[in-house]
Amino acid sequence: MKMGVIVMIKISNKVLLSSATKLLLILVVAKALSLALFLYLPSDGVDIVKKRNYQPKYQRVDLKNMIASTNTSTKRDPIEQDISVSITNMILKGLYGTSKKGFVIVALKKSPSKTSIVGVGEDFSGYTLKSIAATNVVFTKLNKDYILELEKIKSDKSYIQRVNKRTSNGAFKKSDSSYSSDEPRVVTRDDIAAYAKNPKQIWREISIVPLQNGKKLGGFKVTKIKKGSKMAQLGLKKGDVIIKANNIKLKSYKDALTLYSNINDIDTMQIVVLRNNIEKELVYEIN
Amino acid sequence: MVKKLFKFLAYLLLFFFAFIYFAPKVALYYVAEKELSKFDIVISDEIAKERGFSLELSDATLYVKSIESAEVKESSLTLLGLYNHLSVEDITLSSTAKAFLPLYIESINATYALYNPLNVTLNAEGEFGELDASFNILERTLHIEMLPSVVMLQKYKNSLRELTKNEDGSYSYDKNF
């Protein structure tokens, strides 16, 4: 009897051992295969690195006004300069250059039209221009630094009034031809919001197709534009190729969309189009 | 004979599950990422973690043609062969899509299982409302049924015009690929 039990246990142990060995073998093979796969497969995925390069804010400088203002400022008697002027009474109208090189256009709030050009290291109302940044400049006075921010461009009221006068179909009264070539056109934020709400309206008025330059995007070509529409008032013509906007080359959909997504922060928009193989600049003020 | 067959199938199944458990899911995901990038679709900045039979991704940003299209907080992919499930939660679409639909999507669940081998089913929920969709692999047809939210009905009428309105107030959309 005892012998029989021992044989039974031995047999069951043998079956159990054999099954356990098989299971273990399966697990080892599975692990080995996955390890081999792990060595064969890539160890890195795909990531997009956001470019953090600085894109300066587009700002128009009226050179005629600048030159005229310079003459005024040079003629001014130095005694007249108020050296007790506070930095808060100063307006930074424009800047050009890098941190240690370049010049800025400044004026006093009491007489904003009287602008002066000040180079790095030069004085204005007792303050010395120390450095130029992207949207501000640093002045020093008595070993203290003062930051002056760039003035936000405000549009001429006369433009706004002109834009508000619309015809019954919603188009601007001022005809496209009545704008001079370098005169900024005005686009209202209401219009932008209306187009954003109803994007189909854009494509009813204008057709733009991407222009492939081999594998790269060479810009966006205007293939159709509805006469008398708001889009026609933008100064674009059939056949124009939009190649740049606010100094950004439009090389991808991303460039165009980035600009669109930042539209609320933009006061001025400049686009460069290729018209009959000649570059033409169109400037818009966004109110 | 039948006993042996069952035994073999049991071992096979065990091997299959063991292999899925041990498989380098993150590395496999990188392969899928590289394949997707050929179509200009990139999932970036994500944290990928293996969880036994599933792969979890968190804080991913989806780029289509280099354009930031959506941010996804959590997603989980379970591939069991017989039952495969993708769950995506807390999705915020890019603000450029604001003109077309509300930006927040609560969840998207996609399932492909042996009990419905010809269809990939999908359901989603968000500010836009609720949506059920199915893609027939054989006929390559997509069918969407959507129950729009009040926000969608009030503010995104133009987008809803792309769909067909049903008698029960839902909207449907069909497309062949």
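Every value quoted in this text rests on a predicted model; they were computed, and no experiment measured them. Every chain begins its residue count from 1, and numbering advances along the sequence as written. For naming, the first written chain is A and the first written ligand is 1, with later ones following in the order written. The model is predicted, so local features are restricted to residues of pLDDT at least 70 and side-chain atom pairs to those at 80 or more, both for listing and for counting; the totals for chains, interfaces and linings are taken over all residues.

Engineer: It is not clear to me how the overall build of chain A should be interpreted in this structure. Could you clarify?
Structural biologist: A tally of helices and strands in chain A yields six helices and 14 strands. Looking at chain A as a whole, 15% of its 287 residues qualify as buried. Residues are scored as being in contact if the C-beta atoms we place from backbone atoms lie within 7 Å. The long-range fraction of contacts in chain A, counting pairs at least 24 apart against all pairs at least 6 apart in sequence, stands at 46%. For helices the rule is a DSSP run of H or I covering at least 4 residues; for strands it is a run of E covering at least 2, with both sets numbered from the N terminus onward. To sort residues by burial, count the other C-beta atoms lying within 10 Å of each one's C-beta; a count of 20 or more means buried, 12 or fewer means exposed, and anything in between means partly exposed. C-beta atoms are built from the backbone.

Engineer: Got a minute to help me understand the confidence of the model for chain A in this structure?
Structural biologist: Low pLDDT means the predicted atomic positions in that stretch should not be read closely. All names here are of chain A. Across the chain, each position has a pLDDT score giving the predictor's confidence in that residue, from 0 to 100. Looking at chain A, pLDDT values average 73 and 72% of them are 70 or higher. Predicted confidence is poor over residues 71–83, with pLDDT under 50, and the contacts of this stretch with residues over four places away or in other chains come to eight contacts. For the stretch residues 154–178, pLDDT sits under 50, and the model shows 28 contacts to residues farther than four places along the chain or on other chains.

Engineer: Any chance you could explain the sheet that holds strand S6 (residues 136–141) of chain A here in plain terms?
Structural biologist: Residues and elements named next belong to chain A. Overall, antiparallel pairing links the four strands, which are arranged S4-S5-S6-S7 in an open sheet. Lying at the two open borders of the sheet, with one neighbouring strand each, are strand S4 (123–124) and strand S7 (144–149). Strand direction decides the pairing type here: strand S5 (residues 127–132) and S6, joined by four bridges, are antiparallel. From the neighbouring strand, Ser131 faces S6, where its bridge partner is Val138. Pairing between two strands is assigned when DSSP locates at least 2 bridges connecting them.

Engineer: Looking at this model, I keep getting lost on the nonpolar core. Mind explaining?
Structural biologist: To define a nonpolar core, we join buried Ala, Val, Leu, Ile, Met, Phe, Trp, Tyr and Cys residues through C-beta atoms within 7 Å and take the resulting set. Leu92(A), Val104(A), Val106(A), Leu129(A) and Val137(A) are the most contacted members of the largest nonpolar core, which has 15 residues in total. Not counting residues up to four positions away in its chain, the partners in contact with Val137(A) are Leu92(A), Leu95(A), Val104(A), Leu129(A), Ser131(A), Ile132(A) and Leu148(A). Membership of the second largest hydrophobic core comes to 14 residues, among which are Tyr63(B), Leu93(B), Ile105(B) and Leu131(B).

Engineer: How do you make sense of the interface of chain A and chain B when you look at a structure like this?
Structural biologist: Size of an interface, as often reported, equals the accessible area lost when the parts are brought together. The partner chain B presents 27 residues to the 30 residues of chain A that form the contact. Elements represented by at least two residues in the side of chain A that touches chain B include exactly helix H1 (2–40), helix H4 (189–197), helix H5 (199–205) and helix H6 (253–261) of chain A. With 11 residues, the top contributor of residues to the side of chain A that touches chain B is H1(A). Gly is placed with the polar residues, together with every amino acid not listed as nonpolar (Ala, Val, Leu, Ile, Met, Phe, Trp, Tyr, Cys and Pro) or charged (Asp, Glu, Lys and Arg). In terms of residue class, the side of chain A that touches chain B is built from 17 nonpolar, six polar and seven charged.

Engineer: Before we go on, may I ask you to explain the sheet that holds strand S3 (residues 111–119) of chain A in this structure?
Structural biologist: For sheets, the rule is that strands pair by backbone hydrogen bonds, running either parallel or antiparallel. Residue and element names in this part refer to chain A. In space, the three strands of this open sheet follow the order S1-S2-S3, with antiparallel pairing throughout. Strand pairing shows two members of the sheet lacking a second neighbour, strand S1 (90–97) and S3, which therefore form its edges. Between one strand axis and the next, the sheet turns by 20° as a mean value, whatever way the strands run. Relative to strand S2 (residues 102–108), S1 is paired through seven bridges, and the arrangement is antiparallel. Bridged to Tyr96 within S2 is Phe103. Axis lines are fitted to C-alpha atoms, over the contacting stretch for helices. Their N-to-C directions set the angle, which ranges from 0 to 180 degrees.

Engineer: How should the pairing of strand S3 (residues 54–64) of chain B be read in this particular structure?
Structural biologist: Within a regular strand, side chains alternate between the sheet's two faces. All names here are of chain B. Pairing geometry for strand S1 (residues 41–44) and S3, over four bridges, is antiparallel. Within the sheet, the bridge partner assigned to Ile41 lies in S3 and is Val64. As defined by bridge partners, S3 adjoins strand S4 (residues 67–79) across 10 bridges and the pair is classed as antiparallel. Bridge assignment links Ala60 to a residue of S4, and that residue is Val72. Between the antiparallel neighbours S3 and S4 lie two residues, among them Lys65 with a positive phi of about 50°.

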